Amino acid sequence: MALVLWAISVITFVIFYLIPGGDPALRIAGRNSNEALRAQIREDYGFNDAKPVQYVRLMEKTFNGQLESYSDRTNVRERLLQGVPATASLILGAAAIWLFFGVLLGVISAVYAGRWPDRLLTIFAITGISLPEFWIGLLALYWLTYKVSWFPPGGYAPLTAGPVQWAYHLVLPWATLALLSIGFYSRLLRSNILDTIHDDFVRTAWAKGLSRRRVLGRHVLRNALIPIVTVFGLDVGASLGGAILVEKVFGLNGVGQYIADSVGSLDLPPILGTTLYGAFLIVAFSALVDIAYAFIDPRIRLQA
Amino acid sequence: MSSQPETDFSFDAAGLVAAESGADQRIEGLSPWRLAGRRLRRNRVALFFLVLFVLVVALCLAAPLYADWAGNTPDRNNLTGTLVRGGKKQFIVTPDGKPIGPGFSKKYLLGADQNGRDVAVRLLYGGRNSLFVGFASAVLTILGALVLGLCAGYFRGWIDRVISSVFDIVWSFPVLLFAIALGTALALGGLHLGFITIQGDSLWIPTIIIGTIFIPYLGRPVRGQVLSLREKEFVEAAVAQGMGPLRIMFSEILPNLTSTVLVFGTLTIANNILTEAALSFLGAGIQPPAPSWGNLISDGVARLTTAPHQAIVPGIAIVLTVLSLNVFGDGLRDALDPRAKVRLR
Amino acid sequence: MSGGSGMRVGAGFLAVAVISVVLAACGSSDKGGSTSGGTGKAGGTINILGTSYPDFLDPALSYTVDGWEALSQVYPGLLTYEHKPGLAGAKVVPGLAEALPTVSKDGKTWDFTLRKGLKFSDGTPVKASDFKASIERLLKMDSQGSGLGFTNIVGGAEYLKSKKGGVTGITADDAAGTIKIELVKPRGDFAYQLGLPFAGVVPASTPAENQTKNPPPGTGRYAFKDVVVNRSYKLVANPNFSESLKGTAIDAGKAAGFNVTIDKQLATQVTKITNNTADFMIDNPPADRVAAIKAKYGGKRFEQFPTNSSFYFFLNSEVPPFDDVLVRQAANYAVDVNAINRIQGGVLSPANTILPPGVPGFKQAPDMYPFDLAKAKALIKQAGAEGKAVTVWGNDEEQTKNTVQYWADTLNQIGLKAKVKIVPAETYFTTIGDRKTGAQTGWANWFQDYPHPADFIDVLVNPEKVVATGNNNYSYNASDKELAARIDAAVAQPELTPAVIDQWTALDVEIQKKAYWAIYGNRKQSTFFSDRMDFQNCKGEHALWTHDWAEFCLK
């Protein structure tokens, strides 16, 4: 895990040093600078040192929480933490919605497999995963906030402004994110359930004469959910690192927007900070999922 | 009676299909591919969407023809000109900066953009770019995943460890962030790898980026499959026969991966088209002035309330294309693996 | 001053304003340039909306318009600008100094006397050495403002490097309250630079670190309160406003205070002002809403005015094909301001001179290169430049991107072979400012730092200013020694007398003749008020600060 994070930090560093015209001293000095100022900045920030030395210095600053942006000298960790509530509200809320509906629709699809409820839900699901999320967000903004003012045109209201306002501002972003994932999860669950039906242990359960509900609910569903848990855990982990597109369209000022702004301005410190943050979340949730897997799936537990 | 064969836990597709097509026919053993083909042909919905996809591709390839017919090019700005529509003379772009919307005229059928360019023409040219990137990057992903997955799964040992670590690292990189970072960096300076130089505004840059970042997503399942296939008897037999590892990988294992590749292939194209749109929307994909469905949408954001056609139209194109691919891919998967159509008792 | 600094997002275009009675284009009436900022009642708190938090709430570091709008109310310097609308606001008057400085004959020694009895907002007295420390703080922090005249102080450049020993060229006598500044080279615009927040006076004890979280006390009419970084801040009346400043130019400010909040969505800001939950928005409303707002509130709560900004396509005279003056002139004939105005959503005030209307030296004149595509084509043919490859540079900001695509298409129409290259906004100016890049043409802009012609002509077109990296002179006309000599001579003049102003006007015409730029416009800034604000009397449109909050008042 540490190896992965280290490799990511090196790759990020390298990418941003390969760019032409990226002399940070020029940017920090501003437009009306002179050579004296620029030379001084190179001295003070250590841009004249060898690349590995600069890398080590940047990593030190990252761990000390002293990483500062080249564009506006703000502290990266502070800005990152400022964006976390918005991103967390967005992702956790949307995740709850898409998990609930994904499982619900997946089960219905599987139970009515081949019949019209299944067909309808399949259409809905496939359409859902075919939609570009930023475009849906834009459409929602146009029709639901401009043509009719049912919702606010973006922006994030922190919980301190009242839970109603908080939720009200998040409804559209939640819906946009969830729409895509519900389709994906319901189909995944459906195919898992239908696969699980064939497994030997289910046959055994039928043979034992257990009730249909018991077999389906306890044995089939539980096993079909295992891969869902895996994918869900990884999904949430990856998204907490910043849902760049939805945050940008709705102006939520979360981690994702910070990432988009920093990358757009080729600002290495925030990029490094946010990349490591995002990668850390992915790796951490990955590990969590592995642990959870061991608990849920008795076969793995027995093997270990 | 449903048109799909009801099966229980026993499986005899050949017999069932033969039985359906007429009991007087000789019961022949049909190859799994022929069976799959038949099932696919009966799936009208999937075929319909395949045709739709082909239609979209054809339209985009015919972009120059359309441009001639409409009398507009994708690059020509026309900010101060006028257009006669329905008998009335209108500004193509008003002095306040509002471009004309869709209407019944040869020129500007789907409206104009903020520079006075023809949205319909740019849509088709953009489609060429977007489809190229989507398709080529999917090929790259599949090839990369196959090669790496095969090597990792077959050779195991240190090769597997190295490849798996690479997969882990790329996969842990927040996908969109990685793509944007690379896209922005490479769009600026281009790619210089030894003797290969690619310009920053070439379509190959987003192609290579999107193609590579998704390799682990396909590579891991491939590796898993190869690991299990490796243990099967036919591989043992091949080794005993003295076949070299490359030969085994290509002639024994690879064919068994074909159905996985086919299904994943269509889905990868769909996914990559969506990714290209997202990247271009954020400015890190296909660079202006080259049109792409993604950057056409981002052009329209600033005028979402006054000229919504700019943002809406390219999105519809994306949805139609991706939806067709997904539905067809779904049908393909069903055709290759009919167990999914089993009904619960 | 770069208009892009700190405001990358979308339509947040901030500019420095000027009101010129001459410009009837925006349909505004005489804004009472001769009165003292109009009548209107005092008191009340005004709610202001910004799209992004000021880059720094620290006078030594901030270099953006919204930063200066706030800081100018809190940290005046030895000299300051009148809080009056129109050209009156472009005047440098004594601030914390008793009177305008005594300048030696050679223009290199400037003597000031500090007013007596000055206090900071926390009650501590102001000493002459506080000024010296404020300037040293600027240099110690490698501020972007260092180059705005402060390295031209004797010992300034050395202190910037060594950070030790103080700036030898500033002598501060606390007992007598005098300050003597010695310059390396005489510059007439030094007085203007002393009026900027960079030269604002803070206590000597202020640490040489970004103080945004907790801004230091100042001497202005207002003081900071309740600063929540990236969210909001307040300006309240300075509880210890010095007696000796009463009645001076610094004593201006009708409102009791200002509450500034950040709202990232311009659309929401417009809604809030429309229903009076906020009073003023710093940035322009989004381009697609302007027409509706203009129709509904024009003249009552909304108007647009041109700012002291230049928007142009630079033409690199060092590299073909624009090394040929005929080709540069062809480019000028090809520019259609009408077209560009539409791309920009109607916020462009057409321009055909180097100096914008609010800067001394500007003179209204007919367009030297009226729009004529045919003539442009002919000139290209004459110069034998047909088919020559040109790369048109632009950055990824919405309007810039579209404007350069227009420019490339136009160059193609007159016979060149142009293609576009888009670069991220943050690195745009450093890229085209690198001589090695050899950028042939592209988008450029400049917002004034202070209303002196040197801030435009000297900074942007002086051949002597061409260096290896960090250029602002994208015409790279290093070989034009004659122009350099003339500009240097004009800069050295200590005062903007009518004769000197004429010199600058002549330089403007000369630069146009040589066609180093293809200039097309000045950006218009909007004033959009709620119903509470007194639109008729207190618009606060200022020659330097864009909007001078001190002039705002409620009905």
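Given the structure is predicted, the values throughout are model-derived calculations rather than measurements.

Draft legend 1. Quick peek at the overall build of chain C. Counting its secondary structure elements, chain C contains 14 helices and 20 strands. In summary, chain C has a C-alpha radius of gyration of 23 Å against a globular reference of 24 Å for 555 residues, a match within 12%. Dimensions of chain C along its principal axes, counting C-alpha atoms only, are 70 × 55 × 40 Å. The 555 residues of chain C split such that 61% are buried.

Draft legend 2. Structural detail: the sheet that holds strand β8 (residues 222-228) of chain C. Residue and element names in this part refer to chain C. Here we have five strands laid out as an open sheet, ordered β8-β9-β10-β1-β11, and mixed in their pairing. Edge positions in the sheet fall to β8 and β11 (280-281), since each has one partner strand and no second. Taken together, the six bridges between strand β1 (residues 45-50) and strand β10 (residues 257-262) define a ladder with parallel strand orientation. The residue bridging L49 from the neighbouring strand is T261, located in β10.

Draft legend 3. Geometry of the interface of chain B and chain C. If you look at the interface, chain B gives 21 residues, while chain C gives 23 residues. Class assignment for the residues of the side of chain B that touches chain C results in seven nonpolar, ten polar and four charged.

Draft legend 4. View of the sheet that holds strand β6 (residues 170-173) of chain C. Residues and elements named next belong to chain C. Across the sheet, which stays open at both edges, the four strands sit in the order β4-β5-β7-β6 with antiparallel pairing between neighbours. At either end of the open sheet lies a strand with only one pairing partner, and these are β4 (102-103) and β6. Bridge count for β4 against strand β5 (residues 109-113) is two bridges, and the pairing is antiparallel. Paired with T102 across the bridge in β5 is D111. Together, β6 and β7 (178-182) form the strand contacts of helix α2 (residues 128-140), whose direction differs from that of β6 by roughly 150°.

Draft legend 5. Region of interest: the confidence of the model for chain B. Residue and element names in this part refer to chain B. The pLDDT averaged across chain B works out to 83; a share of 89% of its residues lies at or above 70. With pLDDT under 50 throughout, residues 1-11 is counted as low confidence; its partners more than four residues away or in other chains account for seven contacts. Taken as a whole, residues 340-345 scores under 50 in pLDDT and shows 16 contacts with residues more than four places along the chain or in a different chain.

Draft legend 6. Representation of the pairing of strand β16 (residues 417-423) of chain C in the model. All names here are of chain C. Sheet topology places strand β15 (residues 389-395) next to β16; seven bridges connect them, and they run parallel. Within β16, the residue paired with V392 across the bridge is V420. Viewed along the sheet, the connection from β15 through helix α10 (residues 398-413) into β16 turns out right-handed.

Draft legend 7. Structural view of helix α5 (residues 119-155) of chain B. Residues and elements named next belong to chain B. Here α5 spans 52 Å end to end across 37 residues, near enough to the 54 Å set by a 1.5 Å rise per residue. Burial of α5 is extensive: 28 of the 37 residues sit out of reach of the surface. The first or second residue beyond α5 is R156, which carries a positive phi of 50°.

Draft legend 8. Fine view of helix α7 (residues 175-189) of chain B. Residues and elements named next belong to chain B. The end-to-end C-alpha distance of α7, which contains 15 residues, comes to 22 Å, matching closely the 21 Å that a straight helix rising 1.5 Å per residue would cover. Taken across its 15 residues, α7 has 14 buried, putting it largely inside the fold. Of the residues trailing α7, G190 is marked for its positive phi of about 75°.

Draft legend 9. Focus on the packing of helix α13 (residues 481-492) of chain C against helix α14 (residues 498-514) of chain C. All names here are of chain C. Taken N-terminus to C-terminus, the directions of α13 and α14 make an angle of 155°; their axes are 10 Å apart at the nearest point. Accordingly, the angle class assigned to the pair α13 and α14 is roughly antiparallel. In this structure, the crossing between α13 and α14 has a hand that is left-handed. On α14, the residues that touch L483, R486, I487 and A490 of α13 are V500, Q503, W504, L507 and E510. Looking at the contact of α13 with α14 residue by residue, the classes come out as six nonpolar, one polar and two charged.

Draft legend 10. Up close: the pairing of strand β17 (residues 441-447) of chain C. Residue and element names in this part refer to chain C. Along β17, six of the seven residues are buried, which leaves the element largely enclosed by surrounding structure. Where strand β13 (residues 309-315) meets β17, seven bridges bridge the pair, whose relative direction is antiparallel. Residue S310 lies in a different strand from β17, and its bridge partner there is W446. Sheet topology places β15 next to β17; two bridges connect them, and they run parallel. Residue pairing for β17: W393 is matched across the bridge by G442.

Draft legend 11. Fine view of the interface of chain B and chain A. On the chain A side, the residues contacting the 45 residues of chain B number 47 residues. Among the elements of the structure, α6 (157-172), α7, α11 (245-281), α12 (293-301) and α13 (309-336) of chain B are those that each provide at least two residues to the side of chain B that touches chain A. Examining the composition of the side of chain B that touches chain A, we find that ten residues originate from one element, α13(B), more than from any other. Taken together, the residues of the side of chain B that touches chain A sort by class into 31 nonpolar, nine polar and five charged.

Draft legend 12. Focus on unusual backbone geometry. The omega torsion of the bond from B:P288 to B:P289 falls at 5°, within 30 degrees of zero and hence cis. Along the chain, B:P289 falls in the loop between α11 and α12. Cis geometry marks the peptide bond from C:P320 to C:P321; its omega dihedral reads -5°. Positionally, C:P321 belongs in the loop between β13 and α7 (325-334). Even without being a glycine, A:N253 presents a positive backbone phi close to 55°. You can see A:N253 is positioned in the loop between α11 (244-250) and α12 (255-264). For C:A515, which is not a glycine, the phi torsion comes out positive at approximately 55°.

Conventions adopted
Residues numbered from 1 in each chain as written. Chains lettered and ligands numbered in written order. Predicted model: local features only at pLDDT ≥ 70, side-chain atom pairs only at ≥ 80, totals over all residues. Helix = DSSP H or I, 4+ residues; strand = E, 2+ residues; numbered from the N terminus. Rg over C-alpha atoms; globule rule 2.2 N^0.38 Å. Buried ≥ 20, exposed ≤ 12 C-beta atoms within 10 Å, placed from the backbone. Pairing = 2+ DSSP bridges. Contact = placed C-beta atoms within 7 Å. Nonpolar A, V, L, I, M, F, W, Y, C, P; charged D, E, K, R; others polar. Axes fitted to C-alpha atoms, helices over the stretch in contact; angles between N-to-C directions. pLDDT = per-residue confidence, 0-100. Right-handed = clockwise from strand over helix to strand, strands pointing away. Expected span 1.5 Å × (residues − 1). Parallel < 35°, antiparallel > 145°, perpendicular 65-115°, else oblique. Left-handed = near helix turned anticlockwise from the far one by under 90°.

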